[in-house]
Amino acid sequence: MKLGIVGLPNVGKSTLFNSLTKAGAESANYPFCTIDPNVGVVAVPDERLDKLAALYNSAKVTPAVIEFVDIAGLVKGASKGEGLGNQFLANIREVDAIVHVVRCFEDSNIVHVDGSINPLRDIETINLELIFSDMEVLERRLSKQKRAANNNKEIAKECGMIERLIAFLEAGNLAKNFELEDEDEEAFFKEYNLLTAKPVIFAANVTEDDLANDGADNKYVEAVREFAEKEKCGVFVICAQIEQEISELDEDEKKMFLEDLGLKSSGLDKLIAASYSLLGLISYLTAGETETRAWTITKGTKAPQAAGKIHSDFERGFIKAEVVSYEDLIRCGSYNAAKEKGLVRMEGKEYVVKDGDVILFRFNV
């Protein structure tokens, strides 16, 4: 999973990126991998892995990972090349979802680029840049396709859809809210990889005082939540400054620090939960002496396709899946004990994998 972190200058975006990537690397003892200066790979904290690894005496533990991209250079006019302009837009096209950091705190020492705190205005500024960029992509596509539309009904149909979509965006709407009429339009739409079609999670950046009650008394957070609900977006409250402090601590110190603040989870934990929920993701687990590992799949994935996450041969030659729930396995204390109690099931090609399933795939190629 790849998440792009966006936001106007001085909203806490880069502070959040730096702290999340560092915290994520330490919390799961996973080497933080810097692909380039603004990309970091972070382990998804999952306490189930360590317990399974102890049960199987695994030589290696491999968590699921999230790739964070700190999208730099986003200012008003980015779609026209202001700031880093097109470089920003190229980076964001590659992500699965957008984490939009919005400033929900007053601080006279940190100047806002627009001179005042107004998260809905900030959201609109970024959305407009994304809309302008999408319109440019669609207009180029329309110009190209119109030349071939006269002799091809399918292309003519696509041109009609693009014209409707451009008009929809011109009215200030996001592409993800555009109604597609049939499977053909769904296929066209997917091909465009539009920025405003991507799922969005808002990170409402607050002060430490607003963090303990999850921003309940913060009028800016309330406005973001109302907007997010209307647009079917995710939202979570975070204090980038606190996350930066947490990132410097080891695991035990981190737990004590969070408890002192009256918090149950860190910003990284909140973001991961919001991301998995918004994107409809779950994790199944594999375990053995060689390795215990988490695999991220979409809810509703059937056993052969889940097996294909490990290797294409597993999907191609799928025979069956031996499945036991994580809870049952830990409660029984061993795989054999779970099997004796009838808790290990043999599932076929139609089985829909569930979060926390511990699976051994049988295949033959």
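The rules behind these values
Residues numbered from 1 in each chain as written. Predicted model: local features only at pLDDT ≥ 70, side-chain atom pairs only at ≥ 80, totals over all residues. Heavy atoms only, no water. Phe/Tyr/Trp six-rings, centres within 6.5 Å; stacked < 30°, edge-to-face > 60°. Helix = DSSP H or I, 4+ residues; strand = E, 2+ residues; numbered from the N terminus. Buried < 20%, exposed > 50% of the residue type's maximum accessible area, 1.4 Å probe, protein only. Lys NZ or Arg CZ within 6 Å of the ring centre and 35° of its normal. Core = buried A, V, L, I, M, F, W, Y, C linked by side-chain atoms within 4.5 Å. Contact = heavy atoms within 4.5 Å. Axes fitted to C-alpha atoms, helices over the stretch in contact; angles between N-to-C directions. Parallel < 35°, antiparallel > 145°, perpendicular 65-115°, else oblique. Left-handed = near helix turned anticlockwise from the far one by under 90°. Expected span 1.5 Å × (residues − 1). Arc of directions from axis to C-beta. pLDDT = per-residue confidence, 0-100. Polar contact = N/O pair within 3.5 Å; in protein donor to acceptor, adjacent residues only side chain to side chain. Salt bridge = Lys/Arg side-chain N within 4 Å of Asp/Glu carboxyl O.

1. What about the packing of aromatic side chains?
In the structure shown here, the tally under the stated rule is six aromatic pairs. Centroid distance Phe 318 to Phe 361: 6.3 Å. Interplanar angle 65 degrees. Geometry classified as edge-to-face. Linking Phe 318 in strand 11 (residues 318-325) with Phe 361 in strand 13 (residues 357-363), this pair joins segments that are 43 residues apart in sequence. Residues Phe 318 and Phe 361 agree in their burial class; the two are buried. Directly above the aromatic system of Trp 295 lies the positively charged group of Arg 293, at a separation of 4.1 Å from the ring centroid.

2. Description of the nonpolar core
Counting 72 residues, the largest nonpolar core has Phe 68, Ile 92, Cys 104, Phe 202 and Leu 329 as its most contacted members. Excluding its chain neighbours within four sequence positions, the residues that come into contact with Leu 329 are Leu 52, Leu 55, Tyr 56, Val 324, Ser 334, Tyr 335, Ala 338 and Val 358. In terms of nonpolar packing, the next biggest core, distinct from the first, is built from 20 residues, Leu 138, Cys 159, Ile 162 and Tyr 192 among them.

3. Some thoughts on the packing of helix 5 (residues 153-170) against helix 6 (residues 183-192)
Two elements in contact, helix 5 and helix 6, have axes separated by 10 Å at closest approach and are oriented at 65 degrees. In this view, helix 5 runs roughly perpendicular relative to helix 6, as classed from their interaxial angle. The way helix 5 lies across helix 6 gives a crossing that is right-handed. Residues Glu 154, Lys 157, Glu 158, Met 161, Ile 162, Arg 164 and Leu 165 of helix 5 touch helix 6, and the partners they reach there are Asp 184, Glu 185, Phe 188, Phe 189 and Tyr 192.

4. Here's the deal with helix 8 (residues 219-230)
Counted at 1.5 Å a residue, the expected span for helix 8 with its 12 residues is 16 Å, and the 17 Å between its end C-alpha atoms agrees. For helix 8, the full list of buried residues reads Tyr 220, Val 221, Val 224, Phe 227 and Ala 228. Mapping the buried residues of helix 8 onto a view down its axis gives an arc of 125 degrees, with all of them on the same face. Of the residues in helix 8, the exposed ones pointing more than 90 degrees away from the buried face are Lys 219, Glu 229 and Lys 230.

5. A word on the confidence of the model for the chain
For the chain, mean pLDDT is 86; residues scoring 70 or higher make up 88% of the total. Here residues 23-35 scores under 50 on pLDDT; set against residues more than four positions off or in separate chains, the count is 30 contacts.

6. Quick look at the environment of Asn 152
With respect to the helices and strands, the residue Asn 152 is situated in the loop between helix 4 (119-146) and helix 5. A distance of 3.0 Å separates a polar side-chain atom of Asn 152 from the backbone nitrogen of Ile 155.

7. As for unusual backbone geometry
Leave glycine aside and you will find that most residues have negative phi; peptide bonds, for their part, are mostly trans. Phi at Asp 214 is positive, roughly 60 degrees, even though this residue is not glycine. On the basis of relative accessible area, Asp 214 is assigned to the partly exposed category, the value being 33%. With phi around 55 degrees, Lys 232 is a residue other than glycine that occupies positive phi space. For Lys 232, the location among the structural elements is in the loop between helix 8 and strand 8 (234-238).

8. Re the pattern of salt bridges
A full pass over the atoms with the stated rule returns 22 salt bridges. Here Lys 2 and Glu 94 are joined by a salt bridge, their closest N and O atoms 3.6 Å apart. Placement of the pair is Lys 2 in strand 1 (residues 2-6) and Glu 94 in the loop between helix 3 (86-92) and strand 6 (97-103), with a sequence separation of 92 residues. For Glu 94, a relative accessible area of 52% gives the class exposed. Across the salt bridge formed by Arg 225 and Asp 214, the nearest N and O atoms sit 3.0 Å from each other. Of this pair, Arg 225 sits in helix 8 while Asp 214 is found in the loop between helix 7 (208-211) and helix 8, placing the two residues 11 residues apart along the sequence.

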